[in-house]
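For reference, the chains in residue letters:
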Amino acid sequence: GAKTTRNEKQAQDLIKQGVKEFRSSKFKESMDNFFKASDLAPNQEDVYEQYGVSLFRHDKFNQAIVVLDLSKPSTKRIPEKNFYIGMSYYKLKDYANAVTYFDKVMQSKDKNFASTAAFYKGSALIELKQFDESQKAFQYVLDNSTNPEMDQRAEKFIEYSLDRKQLEKRRSNWFFIDGVL
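Figured I'd write up the structure that's included with this text. (Residues numbered from 1 in each chain as written. Predicted model: local features only at pLDDT ≥ 70, side-chain atom pairs only at ≥ 80, totals over all residues. Heavy atoms only, no water.)

Let's talk about the overall build of the protein chain
Along the protein chain, the regular secondary structure elements total 9 helices and 0 strands. When the helices and strands of the protein chain are placed in sequence order, the string is α-α-α-α-α-α-α-α-α. Here the protein chain has a C-alpha radius of gyration of 20 Å; the compact-globule value for 181 residues is 16 Å, and the former is much larger. Relative to its full complement of 181 residues, the protein chain shows a buried share of 45%. Considering only residue pairs separated by 6 or more positions, the protein chain has 49% of its internal contacts joining residues 24 or more positions apart. If you sum the accessible surface of the protein chain, you get close to 11000 Å²; carbon and sulfur atoms cover 50% of it. Of the side-chain charges in the protein chain, 30 are positive and 26 negative, and the distance between the mean point of each set is 3 Å. (Helix = DSSP H or I, 4+ residues; strand = E, 2+ residues; numbered from the N terminus. Rg over C-alpha atoms; globule rule 2.2 N^0.38 Å. Buried < 20%, exposed > 50% of the residue type's maximum accessible area, 1.4 Å probe, protein only. Contact = heavy atoms within 4.5 Å. Areas by Shrake-Rupley, 256 points an atom, 1.4 Å probe, with all protein chains shown as cover. Lys, Arg positive; Asp, Glu negative; His and termini not counted. Charge placed at Lys NZ, Arg CZ, Asp CG, Glu CD.)

Thoughts on the nonpolar core
Within the largest apolar cluster, 45 residues are counted, with the highest numbers of intra-cluster contacts made by Phe83, Tyr84, Tyr90 and Phe102. Other than its neighbours up to four places away in sequence, Phe102 contacts Phe83, Gly86, Met87, Tyr90, Ala117, Tyr120 and Lys121. (Core = buried A, V, L, I, M, F, W, Y, C linked by side-chain atoms within 4.5 Å.)

Structural notes on the environment of Val19
Mapping Val19 onto the fold places it in helix H1 (residues 2-23). For the pair formed by Val19 and Phe34, sequence separation is 15 residues and the distance between their alpha carbons is 8.5 Å. Each residue touching Val19, except ones within four places of it in the same chain, is listed here: Phe34 and Gln50.

Concerning the pattern of salt bridges
Going through the model one piece at a time under the given rule, you end up with 6 salt bridges. A salt bridge links Asp132 to Lys165, with the shortest nitrogen-to-oxygen separation between them at 2.7 Å. Residue Asp132 is located in helix H8 (residues 131-144), and its partner Lys165 is located in helix H9 (residues 148-180); the two are separated by 33 residues in the primary sequence. In this structure Asp132 comes out as partly exposed when scored by relative accessible area, which is 41%. Of the charged contacts, one joins Arg171 and Glu168 as a salt bridge, the two residues approaching to 3.2 Å between their closest N and O atoms. Of this pair, Arg171 and Glu168 both sit in helix H9, separated by 3 residues, roughly a single helical turn. Relative accessible area serves as the criterion here: at 45%, Arg171 is assigned to the partly exposed category. Here the residues in one salt-bridge network are Glu49, Arg77 and Glu80, joined through shared partners. (Salt bridge = Lys/Arg side-chain N within 4 Å of Asp/Glu carboxyl O.)

Here we look at helix H5 (residues 78-91)
Between its first and last C-alpha, H5 extends 20 Å over 14 residues, near the 20 Å set by a 1.5 Å rise per residue. Those residues of H5 that fall on the buried side of the exposure criterion are Pro79, Glu80, Lys81, Asn82, Phe83, Tyr84, Ile85, Gly86, Met87, Ser88, Tyr89 and Tyr90. Residues of H5 that are buried make contact with helix H3 (47-57), helix H4 (61-70), helix H6 (95-108) and helix H7 (114-127). Lys93 lies just past H5 and shows a positive phi near 65 degrees. (Expected span 1.5 Å × (residues − 1).)

What about the layout of surface pockets?
One number sums up the size of the largest pocket: a volume of about 220 Å³. Together, Val19, Phe22, Arg23, Phe34, Gln50, Val53, Arg57, Arg77, Glu80 and Tyr84 line the largest pocket. Of all elements in the fold, only H1, H3 and H5 reach the threshold of two or more residues within the lining of the largest pocket. Each residue belonging to the lining of the largest pocket can be placed in one class, and the counts come to 5 nonpolar, 1 polar and 4 charged. Volume-wise, the second largest pocket comes out at about 150 Å³. Lining the second largest pocket are 13 residues, and of these Asp110, Lys111, Ser115, Asn144 and Ser145 sit closest to its centre. Of all the elements in the fold, those that place two or more residues in the lining of the second largest pocket are H7 and H8. Here the lining of the second largest pocket takes 3 residues from H7, the largest share from any one element. Grouping the constituent residues of the lining of the second largest pocket by class yields 4 nonpolar, 6 polar and 3 charged. (1 Å grid on protein atoms, 1.4 Å probe; cavity = no way out; pocket = protein on both sides within 12 Å on 5 of 7 lines; lining within 4 Å. Points joined across faces, edges and corners; volume = space filled by probe spheres on them. Nonpolar A, V, L, I, M, F, W, Y, C, P; charged D, E, K, R; others polar.)

Rendered as structure tokens:
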């Protein structure tokens, strides 16, 4: 009824304010407004997703994962949702879960998030010592990114990944030689 409409109007105002604060890097205020809006209008599709992103920006990675996971954003925002879940896992050094979400973003081919997701996937795979797979992720960046700076970093990471692979190979050989002697 009238109360629902008033709540939805109030929620919309809080969301607008939250977005404005978010863009001004006032993440605490933004987070508070999204939280209030999600209470007033729990059925607003993108509110929880925006709230989850603001939690991420405020370094509340575990909460961001929970809120984003529960969110049901509109279809066009799903890659963003998956990207920030992946980034939250990445920041928590849970690289395997991060890779899972970065894969979802890459499969969406979203022009705003897919290349960046591929970059972080490559970084996570280096941490997991999956060097060949990391090179494929960085190659995806080179093939799809429109950001020259990210391309340069991806090229450097491909070289780094090759170096790390060689080092790991040598290390395992040293161990074998030491074990025999």
